[in-house]
Amino acid sequence: MLFLLLTGGEPFLRADFARIYTELRKMGLMISINTNGSLLTDELMEVFRQYPPTRVNVSLYGGSAQTYRDLCRNAAYETVTANIRRMKEAGLSLKINCSVTPYNVQDIEKIFDFGKENEIPVQATTYMYPPVRINGEKYGTAPDRFSWEDAAKYLVLCREQYLTPEQLMYGITQTEEDTLDCTGETGMPMNCRAGRTAFWVTWDGRMLPCGMFPNEGYSVRSMKFEEAWQKVRDYTASIMMPAECSGCSKREKCAACAAACIAESGDSTIKPEYICNMTQRQEDLIKQKYGRGIRSDENK
Amino acid sequence: MKTNKGVIYRNIAGEHVLIPVGSIAMDKNGMFVMTELGGCIWQMLEQGTTKEEIITALLEEYEVEESRLRADVEDFLQRMIDAKLIEE
Ligand code: SF4
Ligand code: SF4
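Values in this document were obtained by computation on a predicted structure and should not be read as measured data.

Caption draft 1: The arrangement of a nonpolar patch on the surface in detail. Taken together, the side chains of Tyr 61, Leu 71 and Tyr 103 of chain A make up a nonpolar region of the molecular surface, amounting to roughly 270 Å² of accessible area. With respect to the helices and strands, the residue Tyr 61 of chain A is situated in the loop between strand 3 (55–59) and helix 3 (65–72).

Caption draft 2: The interface of chain B and chain A, seen in detail. If you look at the interface, chain B gives 13 residues, while chain A gives 20 residues. There are zero salt bridges connecting chain B and chain A. The tally of links between chain B and chain A comes to five residue pairs in polar contact (both at pLDDT 80 or more). For the side of chain B that touches chain A, the secondary-structure elements that each account for two or more residues are strand 2 (7–12) and strand 3 (15–20) of chain B. For the side of chain B that touches chain A, the element with the highest residue contribution is strand 2 of chain B, accounting for three residues. Residues of the side of chain B that touches chain A, tallied by class, amount to eight nonpolar, four polar and one charged.

Caption draft 3: Summary view of the sheet that holds strand 4 (residues 94–99) of chain A. Residues and elements named next belong to chain A. Across the sheet, five strands lie side by side as 1-2-3-4-5; this open sheet has parallel pairing. A single partner strand is all that each edge strand has here, and the edge strands are strand 1 (3–6) and strand 5 (122–125). Ignoring strand direction, the axes of neighbouring strands in this sheet form an average angle of 20°. In this sheet, strand 5 lies alongside strand 4 in parallel orientation, the contact comprising four bridges. Among the inter-strand pairings, Ile 96 is bridged to a residue of strand 5, identified as Val 122. On top of the sheet, helix 5 (residues 108–117) reaches strand 4 and strand 5; it is set at about 160° to strand 5, its chief contact.

Criteria and cut-off values
- All chains use their own residue numbering, which begins from 1 and follows the written sequence.
- In the order they appear in the text, chains get letters beginning with A and ligands get numbers beginning with 1.
- Two thresholds apply to this predicted model, a pLDDT of at least 70 for residue-level local features and 80 or more for giving and counting side-chain atom pairs, whereas whole-chain, interface and lining totals are computed over all residues.
- Hydrogens and water are ignored here; the side-chain numbers use all heavy atoms of the structure.
- Patch criteria: residues need more than 30% relative accessible area and no salt bridge. Like-charged residues are merged within 9 Å; nonpolar side chains of Val, Leu, Ile, Met, Phe, Trp and Tyr are merged within 5 Å.
- All accessibility values rest on the Shrake-Rupley procedure with a 1.4 Å probe; residue burial counts only the protein chains present in the view.
- Each salt bridge in this description consists of a side-chain nitrogen of Lys or Arg and a carboxyl oxygen of Asp or Glu lying within 4 Å of one another.
- In this text, helices come from DSSP runs of H or I with a minimum length of four residues, and strands from runs of E with a minimum of two, each type numbered from the N-terminal end.
- Residues are treated as being in contact if the distance between any of their heavy atoms lies within 4.5 Å.
- Side-chain atoms alone can form a polar contact between residues adjacent in sequence; in general such a contact is a pair of N or O atoms within 3.5 Å, and within protein one must be able to donate a hydrogen while the other accepts it.
- Classes in brief: Ala, Val, Leu, Ile, Met, Phe, Trp, Tyr, Cys and Pro nonpolar; Asp, Glu, Lys and Arg charged; the others, Gly included, polar.
- In this scheme, strands are said to pair when DSSP sees at least two bridges between them.
- For helices, the fitted axis covers only the stretch in contact; all axes are lines through C-alpha atoms, and the angles between them, taken along N-to-C directions, range from 0 to 180 degrees.

The following block contains the structure:
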């Protein structure tokens, strides 16, 4: 194993986080950490100076103290931004993650501005996985997420913060790869890293292809680690994607993956309508806004 | 001459890989993949072998002229010293 992501919940909540992290790092793992950035202690900063993580991904829930008060019911904004600056000054490699929801959508520009001011890349998403595991068995519903129309609109707004019109247009142009092996008759197997070169272990010791799978998985406590890994690989190899997606020229740019299909419908072979509509709408919006200008440039 | 204690040597699927994990990782955030020869030299250095001993050992292992091997080893060591992966 070479790359490890430590995530939560909030990993810094653990009293023994520093020890776990240091021992793993000393084993020669490249470690990234997902944190909300509110619990960075002096002790932890010292650990990170001695053993710098490969990257710290900080979730920023808003771009103002007001949004933090409304959304997180606390005044953490000042603390979190101060901690981000502190880690940046220490020379740590950072990224800001932002899940855009109806509750913080007004802050998109502010969040990206904060990233630019501090020279930290921002990764924003407007798609929210249905929280199936938490929500019981309700596939396809996430009470707090955007309509697919708004998810597309605000994703374009996010991408406009760091891409030029040419880059936005390039992102929706078809490449040769998009049309390779597209039959549209049968589904394709999974082709991301999950369950092939990567696995996920939950807080209670269940191994899954990736953290977005709502399944039970295989307990590394009740079976050998290799056995769980083999079962995850076998399970991954058995998963088929929707037939429509295999014939779709947008599939390289679309967020429809096996985990998303399952979370949306409970079945990896059923096309996720929400994501499908979102992908199509995004493309339309970019074309409407930037398409003409660029096409006339090409005609010159 | 010794290896930087903040750098971990790992053999990953047959590749000789160095992973900076100590404070050196602040500047060198990533990993280094070494050649077979580099991997051998690193492992010997970790065991406290001197440069001359390394050259003698490698001459026994590889059929190569001493002058060429010496030049290769010195070049490797110098580059590792410049990258602060090895300390003089
Ligand atoms: S979900 Fe729709 S847009 Fe996405 S790959 Fe499948 S068919 Fe194409
Ligand atoms: S979320 Fe989807 S694309 Fe990402 S690792 Fe999981 S299955 Fe693969």
